[in-house]
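Spelled out from the first residue to the last, the chains are:
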Amino acid sequence: MKDIAWKDLSRYRGELMGAAIFFIVLFHAPLARTDAFFGLRRCGNIGVDMFLFLSGIGLWFSWVKTPSFRQFYKRRLLRIFPAWLIVASLYYIPRFNWQTGSVIDLIGDITINWDFWLHDEGTFWYIPAIMMLYLWAPLYMWLVRKSPTYRWLPVLMMVWCICVQWVTPIHQAVGHIEIFWSRLPIFFLGINVGEWVRQDRRMESPAIWLLVVTFLATASACIYLEQVKHGRFPLFAERMIYIPLTVSMLLLLCELFSRTPQWFNKASAFLGTISLELYLLHAHFVMAYITPYHLGYWPTVLLTLVAAIPLAWLLHQLVKRIMPV
């Protein structure tokens, strides 16, 4: 058996992004609490953590190549904002009450989805969250290049997550956006791992069994929590378990993609290419109109993908023509 290469996280980045968005679609499809698949379906939420970890790796490569704050923000803005602006306008403007609504509030939602920060309005929560992480990332990367000791900061971020949950003054002030705070560690760990990927660091082949044990242990814990104790534990605790689950699963998926047929990898990479657009469109522009027909879980998922993928591709192409990165 060959050594496990961290570089495979970059080699199969597209395929891994494709897997992540597929998990998120599975997570968003409605399913009865009593269904035996409920706990596993709830764990599809890990797709967000996969995105953040892989994004962190990519940001490190970009920063090492061009350590410029201006270029960094420009490239991130061109990647995220045009697609977001189009979709947010299509979503929020038709729902706006022009007699009683606040135009300032409308502009805030369309530009930065500020109701997420103010009231935990989670319609497109990932977009303001990733924008904020992009805002902080250059400073973190500058710090760790200046002094590698700062790579330990994600540990303090885990401590912060505990404080947000159980230190009352902090919880009252910022606890409503726990979904954001609990994703900080995995994103910045991704930046840390970016250097291992760049240096082509490897683990000896027997480490595959450690990855398998880590994956099985953490996945089992998360499935149990969701299936048996859903709603009776703070979600940040599960998202701390997501950290080793995400890393081990991504590395195991790399091993899987090294063995799957070329057509399968290309299909997964294609989903990864349009993952941002698919995230923006699938739930509120497609699945919302399929769900009322009560077709069942898997038909809803498949029909959502069949309808959303062409729309996501068209949006991707439109953005590329308007504002090529």
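Residues numbered from 1 in each chain as written. Predicted model: local features only at pLDDT ≥ 70, side-chain atom pairs only at ≥ 80, totals over all residues. Heavy atoms only, no water.

1. Topic: the overall build of the protein chain
- Along the backbone of the protein chain there are 17 helices and two strands.
- For the protein chain, the spread of C-alpha atoms along the three principal axes comes to 65 × 50 × 45 Å.
- Here the protein chain holds 325 residues, and 48% of them are scored as buried.
- Across the protein chain, contacts joining residues at least 24 apart in sequence account for 79% of those joining residues at least 6 apart.
- Carbon and sulfur atoms make up 68% of the accessible area of the protein chain, which amounts to about 16,000 Å² in all.
- For the protein chain, the distance from the average site of its 28 positive side-chain charges to the average site of its 18 negative ones is 8 Å. (Helix = DSSP H or I, 4+ residues; strand = E, 2+ residues; numbered from the N terminus. Buried < 20%, exposed > 50% of the residue type's maximum accessible area, 1.4 Å probe, protein only. Contact = heavy atoms within 4.5 Å. Areas by Shrake-Rupley, 256 points an atom, 1.4 Å probe, with all protein chains shown as cover. Lys, Arg positive; Asp, Glu negative; His and termini not counted. Charge placed at Lys NZ, Arg CZ, Asp CG, Glu CD.)

2. Points about the layout of surface pockets
- When its volume is computed, the largest pocket comes out at roughly 920 Å³.
- Taken together, 36 residues make up the lining of the largest pocket; nearest its centre are Arg13, Met17, Arg76, Arg79 and Tyr134.
- Among the secondary structure elements, those contributing two or more residues to the lining of the largest pocket are helix H1 (8–11), helix H2 (13–28), helix H4 (46–65), helix H5 (69–95), helix H8 (126–146), helix H15 (262–273), helix H16 (275–290) and helix H17 (297–322).
- The residue inventory of the lining of the largest pocket, partitioned by class, reads 18 nonpolar, eleven polar and seven charged.
- Taken together, 22 residues line the second largest pocket, and the ones lying closest to its centre are Trp6, Leu189, Val193, Trp196 and Val247.
- At the level of secondary structure, the elements contributing two or more residues to the lining of the second largest pocket comprise helix H9 (153–166), helix H12 (184–198), helix H13 (207–229) and helix H14 (235–257).
- For the lining of the second largest pocket, the residue count by class is 17 nonpolar, three polar and two charged. (1 Å grid on protein atoms, 1.4 Å probe; cavity = no way out; pocket = protein on both sides within 12 Å on 5 of 7 lines; lining within 4 Å. Points joined across faces, edges and corners; volume = space filled by probe spheres on them. Nonpolar A, V, L, I, M, F, W, Y, C, P; charged D, E, K, R; others polar.)

3. Regarding the pattern of salt bridges
- A complete count under the given rule lists nine salt bridges for this structure.
- A salt bridge links Glu178 to Arg239, with the shortest nitrogen-to-oxygen separation between them at 2.8 Å. In this pair, Glu178 is assigned in helix H11 (residues 178–181) and Arg239 in helix H14, connecting sequence segments 61 residues apart.
- Note on Glu178: relative accessible area 16%, which makes it buried.
- Residue Arg239 is classed as buried on the basis of its relative accessible area of 6%.
- Asp200 is the salt-bridge partner of Arg202, the closest N and O atoms lying 3.4 Å from each other. (Salt bridge = Lys/Arg side-chain N within 4 Å of Asp/Glu carboxyl O.)

4. A few points about the packing of aromatic side chains
- Evaluated as defined, the whole model comprises 31 aromatic pairs.
- Considering the side-chain rings of Phe22 and Phe23, the 6.4 Å spacing of their centres and the 50° angle between planes classify their relative orientation as tilted.
- Since its relative accessible area comes to 29%, Phe22 is described here as partly exposed.
- On the numbers, 6.3 Å between centres and 70° between planes, the contact of Tyr91 with Phe285 is edge-to-face. Residue Tyr91 is located in helix H5, and its partner Phe285 is located in helix H16; the two are separated by 194 residues in the primary sequence.
- In textbook terms, an aromatic cluster arises when at least three aromatic residues are bridged by ring pairs, as seen for Phe51, Phe116, Trp117, Trp125, Tyr126, Trp136, Trp160, Phe180, Trp181 and Tyr279.
- Positioned over the ring face of Tyr134 is Arg76, at 5.9 Å from the centre of the ring. (Phe/Tyr/Trp six-rings, centres within 6.5 Å; stacked < 30°, edge-to-face > 60°. Lys NZ or Arg CZ within 6 Å of the ring centre and 35° of its normal.)

5. Here we look at the nonpolar core
- One finds Leu9, Leu16, Tyr126, Ile127, Phe187 and Leu280 to be the most contacted residues of the largest nonpolar core, which totals 92 residues.
- No other element matches H14, which puts 13 residues into this core.
- Aside from chain neighbours lying at most four places away, what touches Leu16 is Leu9, Met50, Leu54, Leu250, Leu253, Cys254 and Phe257.
- The next biggest cluster of nonpolar side chains, apart from the first, holds nine residues, and it includes Leu26, Ala29, Leu31 and Tyr297. (Core = buried A, V, L, I, M, F, W, Y, C linked by side-chain atoms within 4.5 Å.)

6. Some remarks on empty space enclosed by the protein
- Under the definition given, this model contains one cavity of 30 Å³ or more.
- In terms of lining, the largest cavity is formed by Arg42, Asn45, Glu226, Leu235, Glu238, Arg239 and Tyr242.
- If one sorts the elements of the lining of the largest cavity by residue count, H14 sits on top with four residues.
- For the lining of the largest cavity, the per-class residue count stands at two nonpolar, one polar and four charged.

7. Details of the environment of Pro154
- Relative to the assigned elements, Pro154 resides in helix H9.
- For the pair Pro154 and Tyr134, spaced 20 residues apart in sequence, the C-alpha to C-alpha distance is 16 Å.

8. Let's talk about H15
- Given a rise of 1.5 Å per residue, twelve residues ought to cover 16 Å, and the 16 Å separating the end C-alpha atoms of H15 matches this to within 8%.
- What H15 keeps buried is the set Asn265, Ser268, Leu271 and Gly272. End-on view of H15: buried residues confined to an arc of 120°, all on one side of the axis. Along H15, the residues that are exposed and aim more than 90 degrees away from the buried face are Gln262, Trp263 and Lys266.
- Contacts made by the buried residues of H15 are with H2, H14, H16 and H17. (Expected span 1.5 Å × (residues − 1). Arc of directions from axis to C-beta.)

9. Looking at the side chain of Asp49
- Residue placement: Asp49 occurs in helix H4.
- In terms of polar contacts, Asp49 uses its side chain to reach the side chain of Arg183, at 3.2 Å. (Polar contact = N/O pair within 3.5 Å; in protein donor to acceptor, adjacent residues only side chain to side chain.)

Just geometry here; none of it tells us what the structure is for.
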